[in-house]
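Structure at a glance
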Amino acid sequence: MASSSNIYRNNNNNNNNNNYRNAIKIERAPASSSNLRASSSFKSKLTPSSSNVRRSTPAFIGGSSRHDDSVSGRVRVAVRLRPRNAEESVADADFADCVELQPEVKRLKLRKNNWDSDTYEFDEVLTEFASQKRVYEVVAKPVVESVLEGYNGTVMAYGQTGTGKTFTLGRLGDEDTSARGIMVRAMEDILENISPETDSVSVSYLQLYMESIHDLLNPVNDNISIVEDPKTGDVSLPGATLVEIGGQQSFMELLRIGEAHRIAANTKLNTESSRSHAILMVHVKKSVGGKEADFSCDNDSSSHFGSNYDPPMLRKGKLVVVDLAGSERIHKSGSEGHMLEEAKSINLSLSALGKCINALAENSAHVPVRDSKLTRLLRDSFGGTARTSLIVTIGPSPRHRAETSSTISFGQRAMKVENMLRIKEEFDYKSLSRRLEIQLDKLMADNERQQKAFDYEVDRIKSEAQDRISEVETNCAEALEREKRKCQMDYMESIKELEEKWMSNYQKIGKNGFTNGTTSREGNVGFDRAEIIELRNLLQNESSMRKAAEEEIANLKSQLHQFTNPGAGGNSCILELHKMLEEETHKRKRLEEEVLVLQSQLSQQTLEAGQSQVTHSQFRDGYDGEGALMTNLHEQVGLQKILSLLESEDPNICMHAVKVVANLAAEEDNQERIVKAGGLTSLLMLLRNFDDETICRVAAGAIANLAMNEANQEIIMAEGGISLLAMTAGDAEDPQTLRMVAGAIANLCGNGILDCYHRLQMRLRSEGGIKALLGMVRCRHPDVLCQVARGIANFAKCESRASAQGSRRGRSLLIEDGALSWIVQNANSESSHIRRHTELALCHLAQHEVNAKDMISGGALWELVRISRDCSRDDIRSLARSTLTSSPTFYAEMRRLRIEV
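None of these values were measured; they are calculated from a predicted model. (Residues numbered from 1 in each chain as written. Predicted model: local features only at pLDDT ≥ 70, side-chain atom pairs only at ≥ 80, totals over all residues. Heavy atoms only, no water.)

1. A closer look at the pairing of strand S5 (residues 117-121)
Consecutive residues of a regular strand have side chains that alternate between opposite faces of the sheet. In terms of burial, S5 is largely enclosed, as five of its five residues are buried. Of the two faces of S5, the one holding Ser117, Thr119 and Glu121 and the one holding Asp118 and Tyr120 are both buried throughout. In this sheet, S5 lies alongside strand S4 (residues 107-111) in antiparallel orientation, the contact comprising five bridges. In the sheet register, Leu108 faces S5, and the bridge partner there is Tyr120. A loop of five residues connects S4 with S5, the two strands running antiparallel in sequence. (Buried < 20%, exposed > 50% of the residue type's maximum accessible area, 1.4 Å probe, protein only. Helix = DSSP H or I, 4+ residues; strand = E, 2+ residues; numbered from the N terminus. Pairing = 2+ DSSP bridges.)

2. Some points on the pattern of salt bridges
Here the structure, examined in full by the defined rule, presents 27 salt bridges. Among the salt bridges present, the one from Arg111 reaches Glu100, with a minimum N-O distance of 3.3 Å. Separated by 11 residues along the polypeptide, Arg111 in strand S4 and Glu100 in strand S3 (residues 99-102) bring together distant segments of the chain. Taking relative accessible area as the criterion, Arg111 reaches 31% and is therefore assigned partly exposed. The salt bridge involving Arg877 is made with Asp874; its shortest N-O contact spans 2.3 Å. In this pair, Arg877 and Asp874 are both assigned in helix H35 (residues 874-886), three residues apart and thus about one turn of the helix distant. (Salt bridge = Lys/Arg side-chain N within 4 Å of Asp/Glu carboxyl O.)

3. Points about the packing of helix H22 (residues 679-689) against helix H23 (residues 693-706)
Remark: H22 packs on H23, axes separated minimally by 9 Å, with the N-to-C direction vectors making an angle of 145 degrees. Relative to H23, H22 is oriented so that their crossing is left-handed. Where H22 approaches H23, its residues Leu680, Leu683, Leu684, Leu686 and Leu687 are matched on the opposing element by Ile695, Cys696, Ala699, Ala700, Ala702, Ile703 and Leu706. Residue classes in the contact of H22 with H23 are distributed as 12 nonpolar, no polar and no charged. (Axes fitted to C-alpha atoms, helices over the stretch in contact; angles between N-to-C directions. Left-handed = near helix turned anticlockwise from the far one by under 90°. Contact = heavy atoms within 4.5 Å. Nonpolar A, V, L, I, M, F, W, Y, C, P; charged D, E, K, R; others polar.)

4. Remarks on a negative patch on the surface
Negative charge collects at one region of the surface, where Glu483, Asp490, Glu493, Glu497, Glu499 and Glu500 lie side by side. Summarising the element assignment, Asp490 is placed in helix H12 (residues 429-511). (Patch = residues over 30% accessible without salt bridge, like charges linked within 9 Å, V, L, I, M, F, W, Y side chains within 5 Å. Areas by Shrake-Rupley, 256 points an atom, 1.4 Å probe, with all protein chains shown as cover. Lys, Arg positive; Asp, Glu negative; His and termini not counted. Charge placed at Lys NZ, Arg CZ, Asp CG, Glu CD.)

5. Overview of the nonpolar core
Counting residues in each nonpolar core, the largest one holds 95 residues, and the members touching the most others are Leu683, Met776, Leu842 and Met855. No other element matches the 10 residues that helix H20 (residues 651-665) contributes to this core. Non-local contacts of Leu842, meaning those with residues more than four positions away in its chain, are made with Leu820, Ile823, Val824, Ala827, Met855, Ala860, Glu863, Leu864 and Ile867. Membership of the second largest hydrophobic core comes to 49 residues, among which are Val99, Leu208, Leu360 and Val369. (Core = buried A, V, L, I, M, F, W, Y, C linked by side-chain atoms within 4.5 Å.)

6. Considering the sheet that holds S5
Spatially, S3-S4-S5 is the arrangement adopted by the three strands of the open sheet, whose pairing is antiparallel. Each having just a single partner strand, S3 and S5 make up the two edges of the open sheet. Direction aside, the axes of adjacent strands within the sheet are offset by 20 degrees on average. As paired strands, S3 and S4 are joined by four bridges and run antiparallel to one another. What sits directly across from Gln102, in S4, is Arg107.

7. Quick notes on the side chain of Arg74
Counting through the fold element by element, Arg74 comes out in strand S1 (residues 71-74). Using a relative accessible area of 9% as the deciding quantity, one classes Arg74 as buried. For Arg74, the side chain forms a polar contact with the side chain of Asp123, separated by 2.9 Å. (Polar contact = N/O pair within 3.5 Å; in protein donor to acceptor, adjacent residues only side chain to side chain.)

8. Some words on helix H21 (residues 668-676)
Within the span of H21, buried status applies to Asn670, Gln671, Ile674 and Val675. Seen from one end, H21 has its buried residues packed into an arc of 135 degrees, which puts them on one side. Turned more than 90 degrees from where H21 packs its buried face, Asp669 and Lys676 sit exposed. Of the residues flanking the end of H21, it is Gly678, one or two places downstream, whose phi is positive at about 85 degrees. (Arc of directions from axis to C-beta.)

What follows is the structure, encoded as structure tokens:
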């Protein structure tokens, strides 16, 4: 095979041929026996008459075929002569070639001896100088064009081993592109004539070896079954790997993979003899453009829609390229052992193929298709509905004249087989569905634009009406103001008139008092004295109140002066604070000294066998032993000594000590004692200083247990525990560590004391606690996600409670940090715990009216409606229902969307 390939390549480089694009046609060749030369040994191909032409029932019937008429198409056969190889040039140097070609009249002469020969005619005769391009154009190109038009097509190579079948069909041409075979050139033509947007090409590459079908693209798949459709007769291999082709380069890679897995062996006739039949199946789906849809938004008539639109057509063609294994005689190939069994299997399958073609050529009533898997696979190629081109390859050596004669006879019989070609078309409902979806989206977009325009018009009318109402109210207010000023002016004028009258009367009374008598004068004088006395009393009261206020201010100033003057001894509060601070400092120093003493005592006790034996091994044994020993360890050793071990530089000692503290912190009775003894501070120091993830995980678990007590939450906050937990969450990757950290933050989020709300909640956000909680969803572990959901629910619950009592205003901090989308996505989670917490979080967020618009735009309304209807827990369902009905924003949106709760 290698030697023949080299000879072909060298000869093809020296030969330039014309383009025989339309060399093979579907119509019958009008040859007859009268047109041929008279010769006793002359054998011609005669076109079968209507009486003896076999018109087989096509395998493709009804169903997916759009046309009922079929086209007759005879199997086209071309013969190709291989040049002499190096071995033949030496061995047959004294002998003439047994084959003589006459390409101009498409004839071939096979010599019997020096004076007699048999003559044969084929559809195409290709000399040893024919290029690979010409071979493709006259043999395979018409078949490829038919496949693109919706027909099935087959290109097959038949011949003795070593005559160049694989070179003709499967040559890749990596080094020399002119040497590319039919497979590569056919795929180039197919990819050039399809549209990547609407069409598709997929490939399967198989081999038939020892009557078993193997997948060359997936060698594990080594026993593929053949399935025949009882209605259409189509043969398919559903178990074969089907790869969609995106370009020529990917197809070349598939061919390389297949060739690497194909079975070959070295024989006397060929150094790389194929021991299996290779079958390349190319499935082409090509869209045929129909009428474009003409949808009119002004006309909604369904009859207009149906009459102006035809669905596009989809043509399905299948190209099968078959590289048959070469026939061989055992005494010539030298096969033995397993290779002998391979040769027998190859010859049996080729013999079965020959019997089928003989039966078809002789119009026999029975065609033995089921004698071999090869004939079952090629059922559509011979006597079926496919357009078939066969290329028979022969060699010039007179030593192999018998094999050459057998190959030529096979090609002559194959020329008598006639197929009934049928195009395969069907409606492309997927493309139609895509077009309808696009048109539906367009109509919906138009409808939304019209709705927005309508809403804009309604808003404009409302705005104009509101402006008019405001204008009328302004005018009324101005009129009332003018009327008020007018009344005030009238009132002032009336007062002035009364004062003038009073003055005039007073002057009259004063002038006429002595002349008219003393009674009126004395009465007026008495009235004036009483009024003066009353005014004097009021003035005295005001003066006394003013003096009292001035004295109080002076007293306060003196106190302030004393308080701000430490030298005078007035700053007693500051001095007391200084004293308390000094006392705390002394206490801390004493505690540190005591800790050092305890540590030294501990080191001494570890060296003494009869002492309390607080060593690393005891802590390990205590942790791994019984639970009662760990629970009561602090009673035997002392809690303060255990906590002192948390500061050990030995990771193992620190590990076991923190495990003991974590187990003790799980009980409420021990939590207060641990905090008072400084255990919380030591745990936070572990998070800050240790890089060991296991120690950090256990420490975070202990802090989570302590954080369940609301009294400890402010201590954790004051000592920077939130930022330490957030930093641990950012560095950790282990799900268990993240679960512990998330549990601790979740406990901190659940503070129910309102006076601690602002401090703790704001610090949770400012120190990165909320972002760390949301960042831990990257783990996707159900336990971690459950703790995250619990923390969000606790945070939302505290916010809702604070908003209800008026101590919290503005949007939720969770919404500002982007947690709403995650809550909505997990509100219907498969995990019941995650779902319960996220449902509670949504209900608590919805109770604050300022969050309603963000929740509607984020899709939370639909989840709230679902919760109000389908939630398994009655309390959550009732809470969601009451929230939706009590919120004006949610209620208005549900009325607009016509949703009933």
